[in-house]
Amino acid sequence: GDLTRLRTACCVVIGLFSGIRNSEMMTLGEDCLRIGKSRDQSVDLIWIHGTLYKTGKRPMRWLVPQVVGTAIKVLRELTQPLRDRLCQEFLASELAREIGEPLSATQSRRHAMVRGQLDKLFLSGGSGGESAVHVLPPGTVNAQLKEYCGHHGILGDDGIVYGLHSHQFRRTYAHFVARSELGDLFMLRDHFGHASIDMSL
């Protein structure tokens, strides 16, 4: 529906203007935005904080333009009801543990997953009630990108709905950084979390 497409539009904006991987985008939490200053204190900078997986799991931050900050704020509001549902579910299972009710293996796994997703922005409510709230899996994101193209009549050269996928935003971001007068491959390497400049090249 419209809310799913709004979330997908936020995904497009964040991906296109940050170049982060889909897996990294799914780690963004409601407090991922940080405002800082340039070295000479003359310019406000916006950073988003998440987790890098590809070259070893570690915290990561990415410098982004204001439009990404706007998309993050839209996502915060859009997915707040789902975070509220996760919080209620988490508190209920914590209470059950405190009063001595044993959790099954499935319930324990769900409890651990919920704990790790309480603050996330890219959540889906599914159709199965509270227990269905979860971070979007990669396949779902790409399927929704294609549906988004179909809904908006975005077609490929062959006249068929364009098969947009999340990694294309990363390639586009890299292309424009590399060709910009202010572009810098060493900055791109650090921004992408690449292990070497060869990977960036």
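These numbers come from a predicted model, not from an experiment.

With that out of the way, let us pick up the confidence of the model for the protein. Fine structural detail should not be taken from predicted coordinates in areas where pLDDT scores are low. Per-residue pLDDT for the protein averages 88, and the proportion of residues at 70 or more is 97%. Mean pLDDT in the protein bottoms out at helix α8 (residues 197-200), which sits at 75, and peaks at helix α1 (residues 2-18), which reaches 94.

Moving on to unusual backbone geometry. Positive phi, normally seen in glycine, also occurs at Gln41, with a value near 65°. Position of Gln41 relative to the elements: it lies in the loop between β1 (33-37) and β2 (44-52).

Under the criterion given, the structure shown has eight salt bridges. Between Glu30 and Arg83 there is a salt bridge, with its nearest N and O atoms 3.4 Å apart. Separated by 53 residues along the polypeptide, Glu30 in the loop between α2 (22-25) and β1 and Arg83 in helix α3 (residues 66-98) bring together distant segments of the chain. In this structure, Asp119 engages Lys120 in a salt bridge whose closest nitrogen and oxygen atoms are separated by 3.1 Å. We classify Lys120 as buried; its relative accessible area is 15%. Through salt bridges that share partners, Asp2, Arg5 and Glu147 make up one connected network.

Thresholds applied
Residues numbered from 1 in each chain as written. Predicted model: local features only at pLDDT ≥ 70, side-chain atom pairs only at ≥ 80, totals over all residues. Heavy atoms only, no water. pLDDT = per-residue confidence, 0-100. Helix = DSSP H or I, 4+ residues; strand = E, 2+ residues; numbered from the N terminus. Salt bridge = Lys/Arg side-chain N within 4 Å of Asp/Glu carboxyl O. Buried < 20%, exposed > 50% of the residue type's maximum accessible area, 1.4 Å probe, protein only.

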